[in-house]
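Each chain is listed here by its residues.
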Amino acid sequence: MQLGLVGLGKMGFNMRERLRRAGHQIIGYDRNQDVSDSSSLADMVKQLDAPRAVWIMVPSGDPTRATVHELADLLDKGDLVIDGGNSRFTDDKANAAFLAEREIGYLDCGVSGGVWGLEVGYGLMVGGPAELVERAMPLFDALRPEGPREEGFAHAGEVGAGHFAKMVHNGIEYGLMQAYAEGYELLTAVDEVTDVHAVLKAWTKGTVVRSWLLDLLVRALEQDPGLSKISGYTDDSGEGRWTVNEAIDHAVPVPVISAALFARFASRQEDSPTMKAVAALRNQFGGHAVHAVGPSSPPSG
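Remember, it's a predicted structure, so these values are computed and weren't measured experimentally.

**Q** How should the packing of helix α11 (residues 239–249) against helix α12 (residues 255–267) be read in this particular structure?
**A** Angle between the axes and distance between the axes are the two parameters that describe a pair of packed helices. Contact geometry for α11 and α12: axes closest at 10 Å, N-to-C directions at 140°. If you check the angle between α11 and α12, you find them oblique. As α11 packs across α12, the resulting crossing turns out to be left-handed. Contacts between α11 and α12 involve Gly 240, Arg 241, Thr 243 and Val 244 from the first element and Ile 257, Ser 258, Leu 261 and Phe 265 from the second. A class-by-class count of the residues in the contact of α11 with α12 yields four nonpolar, three polar and one charged.

**Q** Can you walk me through the sheet that holds strand β3 (residues 53–56) in this structure?
**A** Pairing within the open sheet is mixed, and its seven strands lie in the order β2-β1-β3-β4-β5-β6-β7. Strands at the two margins of the open sheet, each flanked by one partner only, are β2 (25–29) and β7 (153–157). For this sheet the average axis-to-axis angle between neighbouring strands, irrespective of direction, equals 25°. The sheet contacts of helix α3 (residues 62–72) involve β1 (2–6), β3 and β4 (80–83), and relative to β3 the element is tilted by about 165°. Packing against the sheet, helix α8 (residues 161–188) makes contact with β4, β5 (105–112), β6 (123–127) and β7, and its axis sits at approximately 15° to β5.

**Q** Any chance you could explain helix α4 (residues 89–100) here in plain terms?
**A** Quick reminder: α-helices carry 3.6 residues per turn. Residues three or four places apart thus point the same way. A rise of 1.5 Å per residue sets the reference length of α4, with its twelve residues, at 16 Å; its end C-alpha atoms lie 17 Å apart and thus fit the reference within 8%. Within α4, the full set of buried residues consists of Phe 89, Asp 92, Asn 95, Ala 96, Phe 98 and Leu 99. Looking straight down α4, one finds that the buried residues subtend no more than 160° of arc, so they occupy a single side. Contacts from the buried residues of α4 go to α3, β4, β5, α8 and α11.

**Q** Is there a simple way to explain the packing of α8 against helix α10 (residues 212–223) in this structure?
**A** Look at α8 against α10: their axes get within 10 Å of each other, and the N-to-C directions meet at 45°. Between α8 and α10, the angle falls in the class oblique. Seen along the crossing, α8 lies across α10 with a hand that is right-handed. Packed against α8, whose contacting residues are Leu 176, Met 177, Tyr 180 and Tyr 184, the element α10 presents Leu 213, Leu 214, Leu 217 and Leu 221 at the interface. Among the residues forming the contact of α8 with α10, the class breakdown is eight nonpolar, no polar and no charged.

**Q** Explain the pairing of β4 here, please?
**A** Working note: regular strand, side chains alternate between the two faces of the sheet. Residue alternation in β4 divides its side chains into two sets, Leu 80 and Ile 82 and Val 81 and Asp 83, and both sets are buried. Bridge count between β3 and β4: four bridges; the pairing is parallel. Residue pairing in the sheet places Trp 55 in a bridge with Ile 82 of β4. Handedness of the crossover is the feature at issue here: the chain leaves β3, passes through α3, returns alongside β4, and the resulting connection is right-handed. Here β4 runs beside β5; their pairing, made up of four bridges, is parallel. Its bridge partner lying in β5, Asp 83 is registered against Asp 108. The β-α-β motif built from β4, the intervening α4 and the parallel element β5 has right-handed crossover chirality.

**Q** How should I be thinking about a nonpolar patch on the surface in this particular structure?
**A** Residues Val 115, Trp 116, Val 120 and Trp 212 make up a contiguous nonpolar surface patch of about 400 Å² in total accessible area. Structurally, Val 120 is set in helix α5 (residues 117–120).

**Q** Just to check I follow, could you spell out the nonpolar core for this structure?
**A** Side chains that are nonpolar tend, in soluble globular proteins, to be buried together. Core analysis: the largest hydrophobic core is formed by 27 residues, its most contacted members being Trp 55, Ile 82, Leu 107, Cys 109, Leu 124 and Phe 140. Secondary structure elements with two or more residues in this core: β1, α1 (10–21), β3, β4, β5, β6, α6 (130–135) and α7 (137–143). Counting residues per element, this core draws most heavily on α7, which supplies five residues. Not counting chain neighbours up to four residues away, the residues in contact with Trp 55 comprise Leu 3, Gly 4, Leu 5, Val 6, Met 15, Ile 82, Gly 84, Cys 109, Val 111, Phe 140 and Leu 143.

Parameters at a glance
Residues numbered from 1 in each chain as written. Predicted model: local features only at pLDDT ≥ 70, side-chain atom pairs only at ≥ 80, totals over all residues. Heavy atoms only, no water. Axes fitted to C-alpha atoms, helices over the stretch in contact; angles between N-to-C directions. Helix = DSSP H or I, 4+ residues; strand = E, 2+ residues; numbered from the N terminus. Parallel < 35°, antiparallel > 145°, perpendicular 65-115°, else oblique. Left-handed = near helix turned anticlockwise from the far one by under 90°. Contact = heavy atoms within 4.5 Å. Nonpolar A, V, L, I, M, F, W, Y, C, P; charged D, E, K, R; others polar. Pairing = 2+ DSSP bridges. Expected span 1.5 Å × (residues − 1). Buried < 20%, exposed > 50% of the residue type's maximum accessible area, 1.4 Å probe, protein only. Arc of directions from axis to C-beta. Right-handed = clockwise from strand over helix to strand, strands pointing away. Patch = residues over 30% accessible without salt bridge, like charges linked within 9 Å, V, L, I, M, F, W, Y side chains within 5 Å. Areas by Shrake-Rupley, 256 points an atom, 1.4 Å probe, with all protein chains shown as cover. Salt bridge = Lys/Arg side-chain N within 4 Å of Asp/Glu carboxyl O. Core = buried A, V, L, I, M, F, W, Y, C linked by side-chain atoms within 4.5 Å.

See below:
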């Protein structure tokens, strides 16, 4: 197939390469002209033959929305837009409706695989009409991992379903990462365990907790034993928040995902107002000692 690919960052750049390796003709556009195949969105569209397909890989929210609206003025009836970024599923319905007024098709595609996807493939979750999914299937087949299609690709449902599935996927990812991280800290807290890395590596084969995320933790410790080169400050992309919000709206209990999200918030506080209040309360009702702020104070965390 021929495809216009908008956004050649960490994900988009490698996706372009994987698609090209599969024999597809990819015309990429990025504001960074060092990696771009075209000078503008208009130039990219001009290089495509009708009916066109354009895949968007830009940040969610306003950047994606602006790209969709600009493409709407450049594309024609019968063309197809695929949003493969981390958009919120509610944005998909608005984007699809806007493009439908121009008779331009729309699919949303949750993409998982990170920087490793170039070699091992990307997990894909797609929302939208079946006929459009089938039209884009050569692209999906090139991007997904080798093996049976259903082990790496899902037509999750109607417009929005792909990004909703990816949102839940990322929420689960939060919980898994938090569990591994807490286990790692507990292993390092005792004198009896003298080789934490060896324990974690032993878990990567045969155990019920083996996973790719565990493999990556082992790899991180091999590169930086003790993780001394990085801060504990942890960002969130927004999808964990969206997952918790949807769980609240649908009365679905997600205590693990919620706790993992809140742990990320806590990581950004050098001195927690919450824990100050807890210390003050313990002192008030029980006379428990509090630590004064100053050079002799114990390190926060």
